[in-house]
Amino acid sequence: MGYSDVYAEANADPDGFWMNAAEAIDWVTPPTKALTDDNAPLYEWFTDGTLNACWNAVDRHVEAGHGERIAIIHDSPITHSKHEISYSELRDHVASLAGALRAKGVEKGDRVIIYMPMVPEALEAMLACSRLGAIHSVVFGGFAANELAVRIDDCQPKCIIAASCGLEPGRVVHYKPLLDGAIEQASHKPDFCVIFQREQEVAHLEEGRDVDWHAFQYGVEPADCVPVAGNHPHYILYTSGTTGQPKGVIRHTGGHMVALNWSMRNLYDMNPGEVFWAASDVGWVVGHSYICYAPLTFGCTTIVFEGKPVGTPDAGTFWRVIQDHNVKCLFTAPTALRAVKREDPQGALIGDYDISCLESLFLAGERADPDTIIWAQDKLGVPVVDHWWQTETGWCIAGNPLGIERLPIKIGSPSVPMPGYDVQILDEGGHPVADGELGAIAIKLPLPPGTLPTLWNAEARFRKSYLDHFPGYYETGDAGYKDEDGYLYIMARTDDVINVAGHRLSTGAMEEVLASHPDVAECAVIGVADQLKGQMPMGFLCLNAGTQKSAEDVVAECVKLVREKIGPVAAFKLATVVQRLPKTRSGKILRGTMVNIADGKDYKMPATIDDPAILDEITEALKELGYPK
Ligand code: COA
Ligand code: AMP
């Protein structure tokens with residue numbers, strides 16, 4: 001069957017299609033039906049089945065006689081080390097960790113925050129929670145204490161599992177003081193913390209609260225897998241919205257397992273036993289789905305890579321990892337390739353390695369620019385597949401399903417919708433537009449298995465953010481168009497979310513931090529185009545009358561404040577002081593117009609602008625910052 005047939009089948013008989021896919025998963029009690037729609041527009045999948053995610057990702061492969069197969073390869077150019085963990089070793093580690101967590105009171109439904117760098121123990125921590133039916137929430141290491149505190153208060157974890165430190169090129173990230181600071185700030189206090197001491201930095205343990213990762217496992221009974229319902233929340237992953245309060249995306253266990261497992265063969269064209277490498281971070285959705293759960297559930301070997309595309313030690317690192325570990329499929333963000341291409345434009349370092357094992361390269365996380373795709377196609381000689389998805393969906397919305405049929409690649413498009421996604425381009429009134437016309441991208445409900453059923457403790461926000469604008473649809477927040485062959489083109493966000501080096505960030509959250517500076521009266525943050533990172537945040541600050549400080553000092557303090565409050569990952573380094581912000585007569589800041597000026601694009605003078613002269617002031621301020629580039 002080709003792509004069109006598979007897509008049509010999923011559309012015509014979703015229940016049959018996904019029940020069939022569900023057979024590839026181990027159930028304790030198989031579901032009797034796929035979709036539950038009595039609470040529409042909220043939907044659930046595999047509600048009446050019971051299963052365990054850790055069993056599917058780990059134990060079942062050992063039971064099937066593949067215990068010696070390598071589950072995880074840790075490759076860390078930062079610490080100059082490599083090591084492998086087999087499926088049976090992984091099962092033992094995870095059962096022991098889960099046993100220790102259980103002995104300290106962690107049970108099904110309890111939340112556990114995980115704050116760890118790219119070490120295999122991060123996956124073990126996730127899997128140990130899954131084993132118990134505890135709900136993990138991984139927080140990316142590049143976030144500061146304040147962001148961690150917000151998540152602690154929102155999901156109220158019984159336990160936090162953290163490493164003593166993370167390692168960035170040239171600097172140790174001191175996780176433990178960040179963790180201590182976050183717990184101090186948060187109103188909710190976890191019962192205990194488990195600290196994985198790395199040899200690069202041994203952290204002080206707080207008497208009575210912190211336990212050592214190894215020591216607390218001593219002598220405990222390993223835990224078996226606890227069956228949970230198909231609609232049991234497997235994890236919560238916070239993502240940026242329009243405000244400083246992140247959205248807690250929930251993933252239900254049954255649909256998650258089924259969809260990810262389906263995607264490994266049909267989208268990524270993998271077979272069990274082969275090596276899959278997602279060069280992302282466990283703190284992002286790509287890491288959850290394609291470093292941890294999908295490759296393991298499907299019985300592949302996954303790589304946990306602690307390094308960067310460049311500088312660890314050079315732009316040949318990716319090719320070295322592919323060669324050393326026989327990688328069949330690489331998944332990364334376009335920004336990583338742009339970084340490599342910038343250092344090694346001719347791709348000379350590729351020739352130093354034998355990467356004939358590589359059969360495909362998948363890109364996601366941000367728009368893949370044609371130059372980067374063409375460079376990669378040319379230098380690697382494998383299909384370069386752009387695919388589009390979001391934290392909310394957990395897996396691909398549109399892509400080129402190499403395992404079903406290799407569709408023609410159209411550069412600039414992430415290709416076609418995956419089965420179960422009915423993607424429509426809508427006008428403001430919610431009516432589908434003609435092919436080639438730009439509109440809001442929406443997905444007809446229900447979304448397929450594996451996607452978010454709602455937000456953690458925030459159903460009203462879920463409805464408001466995603467369902468209310470276009471009744472009957474999920475609003476993606478992206479704008480774009482479809483061509484006459486049904487290929488999608490993702491052009492821009494329709495909200496205040498920006499994408500910096502493949503990291504999703506909220507300009508609204510940065511504005512909240514800037515506004516808290518005592519000398520800032522008003523501010524705006526926009527995303528300006530950046531050759532390497534795709535976008536970079538840029539702040540415009542209006543100061544209070546009578547401020548004693550110089551503009552330079554306030555800018556420097558604001559840059560520091562965003563780093564302290566949100567974290568280094570915000571990459572907030574550009575800001576300028578202006579007298580006024582351009583606004584509509586009703587007071588809405590004209591951010592889109594500011595972006596066009598900064599990017600050197602033509603723009604129409606907004607008809608509703610209050611005072612057009614302010615745009616000249618903004619143009620001048622941008623010129624001083626060197627924009628447009
Ligand atoms: N822990 C702590 N700090 C982190 C971090 C982590 N896990 N990840 C990033 N940071 C810090 C960086 O050290 C940097 O700090 P600095 O301002 O002191 O230099 C800052 O956050 C910004 O990081 P980043 O935007 O990633 O820029 P970079 O200059 O370090 O690296 C790239 C640039 C392109 C090489 C890098 O962004 C990259 O590899 N991107 C791929 C993105 C990706 O995989 N995204 C996942 C979606 S698929
Ligand atoms: P995240 O939730 O961090 O995965 O970010 C999701 C957002 O990143 C999407 O809503 C898009 O704006 C953008 N994005 C992800 N993948 C792509 C892609 N292949 N092409 C264009 N934009 C993308």
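Remember, predicted model here, so these are calculated numbers, not experimental data.

Colleague: Provide a residue-level description of the pattern of salt bridges, including the pertinent values.
Modeller: It is possible for side chains of opposite charge to pair when their charged atoms get near one another. Under the defined criterion, the tally for this structure stands at 33 salt bridges. Here Arg320 ties to Asp75 by a salt bridge, and the two come within 2.6 Å at their closest N and O atoms. Of the two residues, Arg320 is situated in helix 10 (residues 317-325) and Asp75 in strand 4 (residues 70-76); the sequence distance between them amounts to 245 residues. You can call Asp75 buried: its relative accessible area is 1%. A salt bridge links Glu511 to Arg591, with the shortest nitrogen-to-oxygen separation between them at 2.9 Å. With Glu511 in helix 14 (residues 507-515) and Arg591 in helix 16 (residues 591-598), the pair connects residues that are 80 residues apart, well separated along the chain. The class for Glu511 is buried, based on a relative accessible area of 12%. In the salt-bridge network here, residues are joined through shared partners; they are Asp75, Lys82, Arg320 and Asp324.

Colleague: For the site of ligand 2, give the residues involved together with the corresponding values.
Modeller: The environment of ligand 2 is made up of 14 residues, and the closest members are Asp386, Thr391, Asp478, Arg493 and Arg504. Arg367 places a main-chain nitrogen or oxygen 3.5 Å from a nitrogen atom of ligand 2. In this structure, His387 approaches ligand 2 through a main-chain N or O atom, which is 2.8 Å from a nitrogen atom. Surface burial for ligand 2 is 92%, taken as the share of its 490 Å² of free accessible area covered by protein chains. By residue class, the composition of the shell around ligand 2 is three nonpolar, five polar and six charged.

Colleague: Would you mind going over the side chain of Gln217 in detail, with residue names and values included?
Modeller: With respect to the helices and strands, the residue Gln217 is situated in the loop between strand 12 (210-212) and strand 13 (228-229). We classify Gln217 as buried; its relative accessible area is 14%. Apart from the residues lying within four places of it in its own chain, the contact partners of Gln217 are His93, Ser96, Leu97 and Ala100.

Colleague: Describe the sheet that holds strand 18 (residues 327-332), with residues and values.
Modeller: One open sheet holds the seven strands; their spatial order is 5-4-17-16-18-19-20, and the pairing between them is mixed. At either end of the open sheet lies a strand with only one pairing partner, and these are strand 5 (81-86) and strand 20 (384-386). The mean angle between the axes of side-by-side strands here comes to 20°, regardless of whether they run parallel or antiparallel. Strands strand 4, strand 16 (275-278), strand 17 (301-305) and strand 18 of the sheet are contacted by helix 9 (residues 285-297), whose axis makes an angle of about 150° with strand 17. Across the face of the sheet, helix 10 comes into contact with strand 4, strand 5, strand 16, strand 17 and strand 18 while running at roughly 150° to strand 18.

How each quantity is defined
Residues numbered from 1 in each chain as written. Chains lettered and ligands numbered in written order. Predicted model: local features only at pLDDT ≥ 70, side-chain atom pairs only at ≥ 80, totals over all residues. Heavy atoms only, no water. Salt bridge = Lys/Arg side-chain N within 4 Å of Asp/Glu carboxyl O. Helix = DSSP H or I, 4+ residues; strand = E, 2+ residues; numbered from the N terminus. Buried < 20%, exposed > 50% of the residue type's maximum accessible area, 1.4 Å probe, protein only. Near = heavy atom within 4 Å. Polar contact = N/O pair within 3.5 Å; in protein donor to acceptor, adjacent residues only side chain to side chain. Areas by Shrake-Rupley, 256 points an atom, 1.4 Å probe, with all protein chains shown as cover. Nonpolar A, V, L, I, M, F, W, Y, C, P; charged D, E, K, R; others polar. Contact = heavy atoms within 4.5 Å. Pairing = 2+ DSSP bridges. Axes fitted to C-alpha atoms, helices over the stretch in contact; angles between N-to-C directions.

Nothing here speaks to function; it is geometry throughout.
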